[in-house]
Amino acid sequence: MGCASVCSNSGPTVFAMTVLFLTLVGIEAAVGLSKEFTKQFHVKASSTWSHSAATGEEASSSSSAWPDPDDPPKWPNVFQVQFQEILNLGAITLSKNNGTWYYDFDSLTARFDHSRGQKNNFCQGQGLSPKDPKADCHLLFTKPGDLWVIYPGAQTCCRLCGTAQGCTILKPDWLNGSKLTETINIGGRPCAGWAKRGAVAAADTWYVDQQGVPCRYHEVVDFINHNLTFVPSSYSPTHPIPPSVFRVPSYCKDTCPHPYPQPPH
């Protein structure tokens, strides 16, 4: 996201593999670290994997009016949605977990919760929960531009990077310039996929239905197939998110042992 978790187009992406494996939640679709950040993890992108072929889902017929290839989707300024995350290498499932995205562009904050079972290197690479690295982990972006890695169960936390290192959240219009790639059925819904080259993956693909409800985020990195499939009934683009969701815990004080360094200029 990619970027899983989020960032501006010119910056990060904690979302995609970032979000996931930090071979980088990909996020440029979802949370976000700069392209220089992704290079620190020596990730190579693969562009040879078809999403529909990888998932076995069938292409969906769509009306001539939708989707419009000249009208990419735009995120609402505020939304939250639950997801099911899976990481596959061929037929092998590497990790599987649930989670929740909280996004508030108006306050320049975001939080990406990866529930038990996660294999997110942003989470696991800092020694915050050595005895239980797959426990719940939150990636919190704050208005000053800080990215905090938090294990709420262990009450451990560290600051990974800040604005100087390119940590930002994705802009609502980050899909401007993306390409309509396909329309497939996801959970019984026709969903259109919009792809844009990411910081890590050859393409970060965002799927939405005709009402604009997110269906999935998809990327492939080093032959690893990464999907966040969203729960449509949990999608809320209108209700305000309580400020407490973005509050930095009192135990968050230290810099991560492996922080992202200042990128060269």
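Rules used throughout
Residues numbered from 1 in each chain as written. Predicted model: local features only at pLDDT ≥ 70, side-chain atom pairs only at ≥ 80, totals over all residues. Heavy atoms only, no water. Helix = DSSP H or I, 4+ residues; strand = E, 2+ residues; numbered from the N terminus. Buried < 20%, exposed > 50% of the residue type's maximum accessible area, 1.4 Å probe, protein only. Core = buried A, V, L, I, M, F, W, Y, C linked by side-chain atoms within 4.5 Å. Contact = heavy atoms within 4.5 Å. Pairing = 2+ DSSP bridges. Phe/Tyr/Trp six-rings, centres within 6.5 Å; stacked < 30°, edge-to-face > 60°.

**Let's talk about the overall build of the protein**
- Assigned secondary structure in the protein consists of 4 helices and 11 strands.
- By the burial criterion, 57% of the 265 residues in the protein qualify as buried.

**Section: the nonpolar core**
- Grouped together as the largest cluster of nonpolar side chains are 38 residues, with contacts concentrated most on W75, W101, L139, L147, V149, W206 and F230.
- With sequence-adjacent residues up to four places away left out, W206 is seen in contact with P73, W75, W101, W174, L175, A192, G193, W194, P214, R216, Y217 and F230.
- Residues Y102, C157, I241 and F246 belong to the second largest nonpolar core, which totals 10 residues.

**What to know about the pairing of strand β2 (residues 92-104)**
- Judged from the 12 bridges that link them, strand β1 (residues 78-89) and β2 form a sheet pairing that is antiparallel. Bridge assignment links L87 to a residue of β2, and that residue is S95.
- For β2 and strand β3 (residues 109-114), the ladder comprises 6 bridges, and the chain directions are antiparallel. The residue of β3 that forms the bridge with Y103 is A110.
- Once β2 ends, the chain turns through 4 residues before running back antiparallel as β3, passing L108 with a positive phi of about 55°.

**So, the pairing of strand β5 (residues 147-151)**
- Burial runs high along β5: 5 of the 5 residues are buried.
- Judged by which residues are buried, β5 turns out to be covered on both faces: L147, V149 and Y151 on one side and W148 and I150 on the other are all buried.
- Here strand β4 (residues 137-141) runs beside β5; their pairing, made up of 4 bridges, is antiparallel. Within β5, the position partnered with H138 by the bridge is I150.
- Linking two consecutive strands that pair antiparallel, namely β4 and β5, is a turn of 5 residues; a positive phi of about 100° is found at G145 within it.
- Between β5 and strand β6 (residues 156-161), which pair antiparallel one after the other, the connecting turn spans 4 residues, and Q155 there sits at a positive phi close to 55°.

**Some thoughts on the packing of aromatic side chains**
- A full pass over the atoms with the stated rule returns 12 aromatic pairs.
- Residues W101 and F112 carry aromatic rings whose centres are separated by 5.1 Å and whose planes lie at 90° to one another, so their mutual orientation is edge-to-face. Of this pair, W101 sits in strand β2 while F112 is found in strand β3, placing the two residues 11 residues apart along the sequence. The pair W101 / F112 is uniform in exposure class, with both members buried.
- On the numbers, 5.3 Å between centres and 55° between planes, the contact of W206 with F230 is tilted. Taken as a pair, W206 in strand β9 (residues 204-208) and F230 in strand β11 (residues 224-230) lie far apart in primary sequence, 24 residues in all.
- Connected via pairs of aromatic rings, a cluster forms that spans W75, F79, W101, Y103, F112, F141, W174, W206, F230 and Y235.

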